[in-house]
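The lines below spell out each chain.
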Amino acid sequence: MRTRIHTTVVGLTAAGLLALTACGTGEDTVTTKPKADTRTAADEKAGATRTADRTAGVGDTLALKGTDGQQLDVTLKKWLPTAKGADEVNVPPDGKRWAAAQFELVNTGSKVYADSPGNGAKAADSDGQRFDAWFGDIAAGPAMASDLSLPKGEKALGWIVFQVPKDSKIVSLQFAMNSGFSDQTGQWSVK
């Protein structure tokens, strides 16, 4: 008995391949300047800077652009350098810990923002190591939706978890639209 295997090959032209891989249209940039000064008088008393040229931190909003008219105001609402798992099943492996960032996304663009926001989030430590988002439920609250479809004017709030080495000191967080493939990346300091 002979078995025949049929293979179907789908041809892609160079232009078609480029259309599939080219998500951005310009030069890559990293944005660290907050959209507006969101520091309060209490923050000032605690030593926070209210200058226009300061780097974004917890509580700050960055205006980010994606592809095809997509635009978000992204706020780093809260930062947990060590996040506790939601239950005994949700725990990091030995030698690791979870860190988590609560982001609020507001669609300020002209089109629906459809994405998996965690794909475009990264944490960086003081040694220069970068860590992608990780799946884990934490006690602090619900995770950011993994399949988000956000109409114009609406917002989404949720935690994005990072699995990092126990002794790693996370110093910054990044977020980019379009699963990290947009030309513009927002960066917040969490030192």
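Presented here is a report on the structure given in the accompanying data block. As the structure is a computational prediction, the values presented were derived from the model and not from experiment.

**Examining the sheet that holds strand β2 (residues 61–65)**
Consideration 1: One open sheet accounts for nine strands, arranged β1-β11-β10-β6-β7-β9-β4-β3-β2; its pairing is mixed. Strands with a single pairing partner mark the edges of an open sheet, and in this sheet they are β1 (29–31) and β2. For this sheet, the mean angle separating the axes of adjacent strands, direction not counted, is 35°.
Consideration 2: Sheet analysis places strand β6 (residues 121–125) next to strand β7 (residues 130–134), joined by three bridges and oriented antiparallel. Bridging across to β7, Lys122 finds its partner in Asp132.

**Side note on the packing of aromatic side chains**
Consideration 1: Counted according to the given criterion, the structure contains two aromatic pairs.
Consideration 2: Relative to Phe175, the ring of Phe103 lies with its centre 5.7 Å away and its plane at 40°, an arrangement referred to as tilted. Taken together, the residues span a long stretch of sequence, with Phe103 in strand β4 (residues 96–107) and Phe175 in strand β10 (residues 170–176) at a distance of 72 residues.
Consideration 3: The exposure class assigned to Phe103 is buried, which follows from its relative accessible area of 0%.
Consideration 4: Aromatic side chains Phe103 and Trp188 sit 5.4 Å apart centroid to centroid with 65° between the ring planes, which places their arrangement in the edge-to-face category. Highlighted residues: Phe103 in strand β4 and Trp188 in strand β11 (residues 184–189), separated in sequence by 85 residues.
Consideration 5: On the basis of relative accessibility, which here comes to 0%, the residue Trp188 falls in the buried class.
Consideration 6: Taken together, the ring pairs connect Phe103, Phe175 and Trp188 into an aromatic cluster.

**Focus: the environment of Asn178**
Consideration 1: Topologically, Asn178 is positioned in the loop between β10 and β11.
Consideration 2: With a relative accessible area of 14%, Asn178 lands in the buried category.
Consideration 3: For the pair formed by Asn178 and Gly66, sequence separation is 112 residues and the distance between their alpha carbons is 6.3 Å.
Consideration 4: The contact partners of Asn178, leaving out residues within four places of it in the chain, are Gly66, Thr67, Gln70, Tyr113 and Asp115.
Consideration 5: Looking at Asn178, its side chain comes within polar contact range of the main-chain nitrogen of Thr67, at 3.0 Å.
Consideration 6: A polar contact of 2.6 Å, which involves the side chain of Asn178, links it to the side chain of Gln70.

**With respect to the layout of surface pockets**
Consideration 1: Of the voids in this model, the largest pocket is the one considered here, and its volume is about 300 Å³.
Consideration 2: When contributions to the lining of the largest pocket are tallied by element, the ones reaching two or more residues are β7 and β9 (155–165).
Consideration 3: Looking at the lining of the largest pocket, its residues break down into nine nonpolar, five polar and two charged.

Procedures and definitions
- Residues numbered from 1 in each chain as written.
- Predicted model: local features only at pLDDT ≥ 70, side-chain atom pairs only at ≥ 80, totals over all residues.
- Heavy atoms only, no water.
- Pairing = 2+ DSSP bridges.
- Helix = DSSP H or I, 4+ residues; strand = E, 2+ residues; numbered from the N terminus.
- Axes fitted to C-alpha atoms, helices over the stretch in contact; angles between N-to-C directions.
- Phe/Tyr/Trp six-rings, centres within 6.5 Å; stacked < 30°, edge-to-face > 60°.
- Buried < 20%, exposed > 50% of the residue type's maximum accessible area, 1.4 Å probe, protein only.
- Contact = heavy atoms within 4.5 Å.
- Polar contact = N/O pair within 3.5 Å; in protein donor to acceptor, adjacent residues only side chain to side chain.
- 1 Å grid on protein atoms, 1.4 Å probe; cavity = no way out; pocket = protein on both sides within 12 Å on 5 of 7 lines; lining within 4 Å.
- Points joined across faces, edges and corners; volume = space filled by probe spheres on them.
- Nonpolar A, V, L, I, M, F, W, Y, C, P; charged D, E, K, R; others polar.

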